[in-house]
Structure formats: C-alpha cells, structure tokens
Amino acid sequence: MKTLDRKLLRQLRSSWGLILAITSIIAVGVTCFGSMASCYWNLNEAMSRYYAQCRMADFSIELKKVPLAELGQIADLPGVVEIRPRIQFNATVDLDGVTKPLNGQVLSLPERRESVINDIVLKRGSYFTDRRENEVIVNEAFALRHNLGPGQWIHLVLNNRRQELFIVGTAISSEFVYLLGPGAIVPDPEHFGIFYLKQKYAEDVFDFDGAANQVLGLLSPEKRDQPDLVLRRAEQLLAPYGVFTATPRSDQPSHQFLSLEIKGLRNFAVVMPSIFLGVAAVVLNVLLSRLAEQQRTVIGTLKALGYTDAQVFGHFLKFGVVIGLMGGAAGIAGGYVTAELLDIQAAFAATE
C-alpha cells in the first residue's frame with residue numbers, strides 16, 4: 001500500500017464522526033432522489049397505461065345539440081383519427097336518508113360493451129344487460145361513499161323528471177381520476193358522482209334522438225401536442241349547433257390536476273435531494289479545508305520528499321471521493337428499499 005493511501009486510512013479513522021455525519025446527509029439526499037424519481041416514473045407510466053386502457057380523449061367539444069349525421073365532417077378533418085358523440089347532462093341525485101342535495105353528471109355509453117373513447121373500467125357488477133332500459137353504472141368513489149352497489153335502485157332527476165334506475169355495476173375512468181364537480185377545486189366524491197346510462201335510454205330521456213351534445217376525439221401523434229388548429233376548424237364547422245367549449249386534453253380538469261401532481265413530485269425529486277447534497281458539499285468542503293490547514297507542515301514535508309502537487313491534491317481528493325461513494329452506496333440502497341415500500345403501499349391502496 002502506498003504511503004499516501006495509508007495516510008488516507010488514518011485520516012478516515014480519526015475523523016469517523018464527521019465522516020458519518022456527512023455520509024448520512026449524502027445518503028438521505030440520494031435516498032430522496034431514488035425513491036421520489038422512482039415514484040415519478042412509475043406514476044407517469046401508470047397514467048399513460050391507464051389512459052391507453054380507457055382510450056383517453058385528446059379533445060372534447062361541448063355543444064347545444066348536433067345531429068349525428070353532421071359529425072362526419074369532423075371525423076374527416078386532417079389529424080382526427082376517431083370521434084365519439086355522446087350525451088352529457090347534469091343531474092340531481094335523490095338518495096333515501098340524505099337531505100342535502102347531491103349533484104351528478106350523466107353520460108351515455110353504448111348499450112353493448114365495446115372499446116370507446118373515454119371508456120370505463122368496471123370495478124363491481126357488470127356492464128349493461130338486455131333485461132331493462134333504465135340501467136345505470138355508477139362511479140366507484142360515489143358508490144362507496146353512499147354504500148351503493150349492483151342490484152340496488154337509485155333515483156336521479158333527469159330533464160326535470162324523477163327517474164328510477166337500476167345499478168348494474170360500478171366503474172372508474174381515466175376521465176375522472178380527480179372527480180371534480182361544477183365549480184369545485186378539490187375532489188368531492190361524497191357530493192358529486194358520475195352516472196353512465198344506455199345511449200338509447202339517454203336519447204329518450206333528454207329528447208336527443210339521433211343527436212349529441214358532446215364530441216370526443218382522438219388525434220394522430222403529430223397533432224396530439226398541437227390540437228389548436230384542429231379544434232379551431234372543428235368549432236367553425238360546428239358553429240351552427242351552438243359550440244360552448246372546445247377543450248384539449250391538456251385543459252381537461254382531471255388530467256390537469258393529475259399532471260400537476262406528478263410534475264410536483266418530479267420537482268420535489270430534484271429540489272429536496274439538491275438541498276441535502278448541497279449541505280453535504282459545503283460541510284465536506286469545510287472539512288477538507290480544515291484538514292489542509294491543519295496539515296500544512298505535513299504537506300510541506302511531503303513535497304520536500306518529492307511528492308508533486310498533483311499527488312497531494314489527489315490524496316485529499318480521494319478523501320472526498322471515499323465519503324461520497326460511501327454516502328452514495330447507502331443512499332442507493334435506501335432509495336431502492338424506500339421505493340419498494342412506496343410501490344407496495346400504492347398497490348395496497350389501489351386494491352382497497
């Protein structure tokens with residue numbers, strides 16, 4: 001072993017307290033980065049898979065009323081891959097034993113199970129059956145808050161008429177990861193729910209035979225990030241039918257909240273570790289400066305014996321590198337364990 005390396009080991013042993021403190025700070029910083037970066041990547045990937053499973057719409061257009069026969073011109077627009085007209089209306093929920101008014105949103109779905117834009121994922125029960133027309137699928141969060149489930153009846157005020165509906169299932173959708181009611185800024189599944197009706201039944205109840213008041217669409221990859229031109233053209237074509245809003249996916253309320261949460265996690269994964277590593281760098285710099293000051297005589301002796309400036313500098317640099325490697329190794333192990341625990345906790349919460 002070289003003389004300088006033996007000297008390095010002696011310095012490490014003599015300064016073990018400070019080294020442990022610096023190593024701990026580095027380990028905490030690396031652990032934060034590893035666990036938070038892993039969570040960000042996993043959540044981002046999960047969001048992408050969920051959107052793909054539900055075929056999340058790239059845009060939506062809300063109108064007063066448009067005949068389905070007039071939507072072919074929207075489907076033919078350059079960049080539009082697929083469209084789906086549907087009926088959506090606000091509703092009032094009338095639950096036994098609940099005195100406070102509850103709000104809801106009613107959406108139409110095909111009577112037969114098929115892959116559609118803004119599809120649902122069934123959690124309990126089944127899709128629509130042929131037994132009755134007045135069947136409904138309820139948003140899972142609302143159903144859990146009010147102990148609703150398949151086989152029960154529920155009353156909704158639709159088009160100023162109280163309708164009795166039979167619950168066949170509960171479901172979730174990428175469209176409502178954040179279940180925001182009208183004017184709400186935080187999710188409130190206790191007072192706001194989503195209710196899916198058969199397309200034909202919704203047409204009869206709302207007098208929308210052969211018509212829709214919302215158009216969902218998917219865009220080609222090259223147009224997905226720049227939908228403004230397509231939406232502007234679609235608004236012009238649908239202007240005679242009373243266009244209220246044209247919303248790209250980036251402005252869709254649930255997606256906007258979810259994206260901001262995930263981006264916030266990404267920022268946290270960068271800022272928090274940077275603080276710990278910055279503190280560790282300052283402390284390590286102070287420690288090396290003090291060592292160099294205390295060993296001025298030793299350094300002079302080493303140079304007198306023929307050691308070059310580069311060798312002496314490398315000696316002190318090794319001191320910092322060893323501490324960094326120790327803290328980094330501990331942080332990587334801690335980050336891996338923490339990320340695994342967070343993934344297990346997230347998976348457990350998702351199954352509840």
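Treat the numbers as computed from the prediction; the structure is a model and nothing was measured. (Residues numbered from 1 in each chain as written. Predicted model: local features only at pLDDT ≥ 70, side-chain atom pairs only at ≥ 80, totals over all residues. Heavy atoms only, no water.)

(A) The arrangement of the overall build of the chain in detail. Helix and strand counts for the chain stand at 10 helices and 11 strands. Here the chain holds 352 residues, and 43% of them are scored as buried. Restricting the contact set of the chain to residue pairs at least 6 apart, pairs at least 24 apart contribute 78%. Carbon together with sulfur atoms contributes 59% to the accessible area of the chain, which is approximately 18,800 Å² in total. (Helix = DSSP H or I, 4+ residues; strand = E, 2+ residues; numbered from the N terminus. Buried < 20%, exposed > 50% of the residue type's maximum accessible area, 1.4 Å probe, protein only. Contact = heavy atoms within 4.5 Å. Areas by Shrake-Rupley, 256 points an atom, 1.4 Å probe, with all protein chains shown as cover.)

(B) Region of the structure containing the pattern of salt bridges. Scanning the entire structure with this criterion turns up 13 salt bridges. For Arg55, the salt bridge is made with Glu82, and the minimal N-O distance between the two is 2.4 Å. With a gap of 27 residues between them, Arg55 in the loop between helix H2 (16-54) and strand E1 (59-67) and Glu82 in strand E2 (residues 80-86) connect regions that are remote in the sequence. Through salt bridges with shared partners, a single ionic network connects Asp58, Arg224 and Arg249. (Salt bridge = Lys/Arg side-chain N within 4 Å of Asp/Glu carboxyl O.)

(C) View of the environment of Ser38. The topology assignment puts Ser38 in helix H2. On the accessibility criterion, Ser38 (22% relative accessible area) is partly exposed. In this structure, the C-alpha to C-alpha distance between Ser38 and Arg266, residues 228 residues apart in sequence, is 9.6 Å.

(D) Representation of a nonpolar patch on the surface within the structure. Together, Val270, Val271, Ile275, Val279 and Val283 make up a nonpolar patch on the protein surface, roughly 380 Å² of accessible area in all. Mapping Ile275 onto the fold places it in helix H8 (residues 253-294). We classify Ile275 as partly exposed; its relative accessible area is 47%. (Patch = residues over 30% accessible without salt bridge, like charges linked within 9 Å, V, L, I, M, F, W, Y side chains within 5 Å.)

(E) Region of the structure containing the nonpolar core. Ranked by internal contacts, the top residues of the largest apolar core, which has 24 residues, are Ile154 and Phe195. Those elements that provide at least two residues to this core are strand E3 (88-94), strand E4 (102-109), strand E6 (135-139), helix H4 (140-145), strand E7 (153-158), strand E8 (161-172), strand E9 (192-198) and helix H5 (199-206). In terms of residue count, the dominant contributor to this core is H5 (4 residues). Among residues more than four places away in sequence, those in contact with Phe195 are Val93, Gly104, Gln105, Val106, Leu107, Val136, Ile137, Val138, Phe142, Ile154 and Leu156. Counting residues in each nonpolar core, the second largest holds 16 residues, with Phe59, Val66, Val215 and Leu219 among its members. (Core = buried A, V, L, I, M, F, W, Y, C linked by side-chain atoms within 4.5 Å.)

(F) Summary view of the layout of surface pockets. Its boundaries defined by the atoms lining it, the second largest pocket holds a volume of some 590 Å³. In this structure, the second largest pocket is lined by 28 residues; those nearest its centre are Glu62, Gln88, Gln105, Gln214 and Pro253. Where the lining of the second largest pocket is concerned, the elements lending two or more residues are E1, E3, strand E10 (211-219), strand E11 (243-248) and H8. Of the residues belonging to the lining of the second largest pocket, the class tally is 12 nonpolar, 11 polar and 5 charged. (1 Å grid on protein atoms, 1.4 Å probe; cavity = no way out; pocket = protein on both sides within 12 Å on 5 of 7 lines; lining within 4 Å. Points joined across faces, edges and corners; volume = space filled by probe spheres on them. Nonpolar A, V, L, I, M, F, W, Y, C, P; charged D, E, K, R; others polar.)

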